[in-house]
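# Examination of the molecular architecture
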Amino acid sequence: MYAPAMKDSSVIELKQKDTVLNISINEQTADLVSISWIYSRPARGATDPLHKPNRPVSGATDIPEEFYQEVVALQNLEQPFKEVFDEKKLRLERVLHWLMRTILVSLPELQALGKKGVFFMGDSVHAEPIIGGNGANVAIRDGVRLAECIFKDGVAGIPKWYEAQYGIWKQGVENSERIITEIHSEPTVLRENQLRTYGSQNGKGAVIGSGMLA
């Protein structure tokens, strides 16, 4: 059922109106294939039962009944989307509601903290959404470049490193916000091993459901 749709890709997507459905392969062994799924749509105002930006971390597993009603309302799903987005099966899975935000700490604030011997990189400075962002990649790059900076100039060189990196961080955050906005209004083209679905940003973005099954 899955192989004809997946072909040579590890990720496939289907869009219905403003809702994006995503299936991705996590791992494949001789006896097991593990997949994940994502349900994403724009938030629909302050009364949207699926968009709870102020929920506690512990609320990630509190999935409102309205989510399952929306899944039931999906029309004419192709395989394997029909198999994955089966409301009865989803109720048996571990489903998580993701909260994602973008942040960008101001350069003066970073410099002020640096004078006290406190330095930051990665998501602590310029967080991008898990979906639609490149936060993990950028954090690795930050680590490598910061190590190079310290090796060359010591801790005293970090303020200049901030200045050199800040424009890159700012552009990355802005790009992730733009991508989130576009995903539900523009067709998504997936190529091999590329994932282009998006989460919520700045309280406006998307409602995300995520699950995993093996």
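- The chain is annotated in an unreviewed UniProt entry as FAD-binding domain-containing protein from Hyaloscypha variabilis.
- Regarding the chain, the relevant UniProt record gives this comment under Pathway (unreviewed entry): "Secondary metabolite biosynthesis."
- Here is the UniProt Sequence similarities (unreviewed entry) comment for the chain, exactly as written: "Belongs to the paxM FAD-dependent monooxygenase family."

## Examining the nonpolar core
- Residues Leu 21, Trp 37, Phe 67, Phe 81 and Phe 85 are the most contacted members of the largest nonpolar core, which totals 20 residues.
- Elements represented by at least two residues in this core include exactly strand S1 (11-16), strand S2 (19-28), strand S3 (33-42), helix H2 (65-73) and helix H3 (81-84).
- The contact partners of Phe 67, leaving out residues within four places of it in the chain, are Trp 37, Tyr 39, Leu 50, Leu 90 and Val 95.

## Some details on the pairing of S3
- Burial runs high along S3: eight of the ten residues are buried.
- Pairing geometry for S2 and S3, over eight bridges, is antiparallel. In the sheet register, Asn 22 faces S3, and the bridge partner there is Ile 38.

## Some thoughts on helix H7 (residues 135-153)
- Its 19 residues give H7 an end-to-end C-alpha distance of 26 Å, which sits within 8% of 27 Å, the value for a rise of 1.5 Å per residue.
- Along H7, the positions that sit buried rather than exposed are Gly 135, Val 138, Asp 142, Leu 146 and Cys 149. When H7 is viewed along its axis, its buried side chains cluster within an angular range of 70 degrees and face the same direction. Away from its buried face by more than 90 degrees, H7 exposes Ala 136, Asn 137, Ile 140, Phe 151 and Lys 152.
- Where H7 is buried, its residues touch helix H6 (123-126) and helix H8 (158-183).

Each value, and the rule that gives it
- Residues numbered from 1 in each chain as written.
- Predicted model: local features only at pLDDT ≥ 70, side-chain atom pairs only at ≥ 80, totals over all residues.
- Heavy atoms only, no water.
- UniProt positions renumbered as here; feature names shortened; annotations may be inferred.
- Core = buried A, V, L, I, M, F, W, Y, C linked by side-chain atoms within 4.5 Å.
- Buried < 20%, exposed > 50% of the residue type's maximum accessible area, 1.4 Å probe, protein only.
- Helix = DSSP H or I, 4+ residues; strand = E, 2+ residues; numbered from the N terminus.
- Contact = heavy atoms within 4.5 Å.
- Pairing = 2+ DSSP bridges.
- Expected span 1.5 Å × (residues − 1).
- Arc of directions from axis to C-beta.

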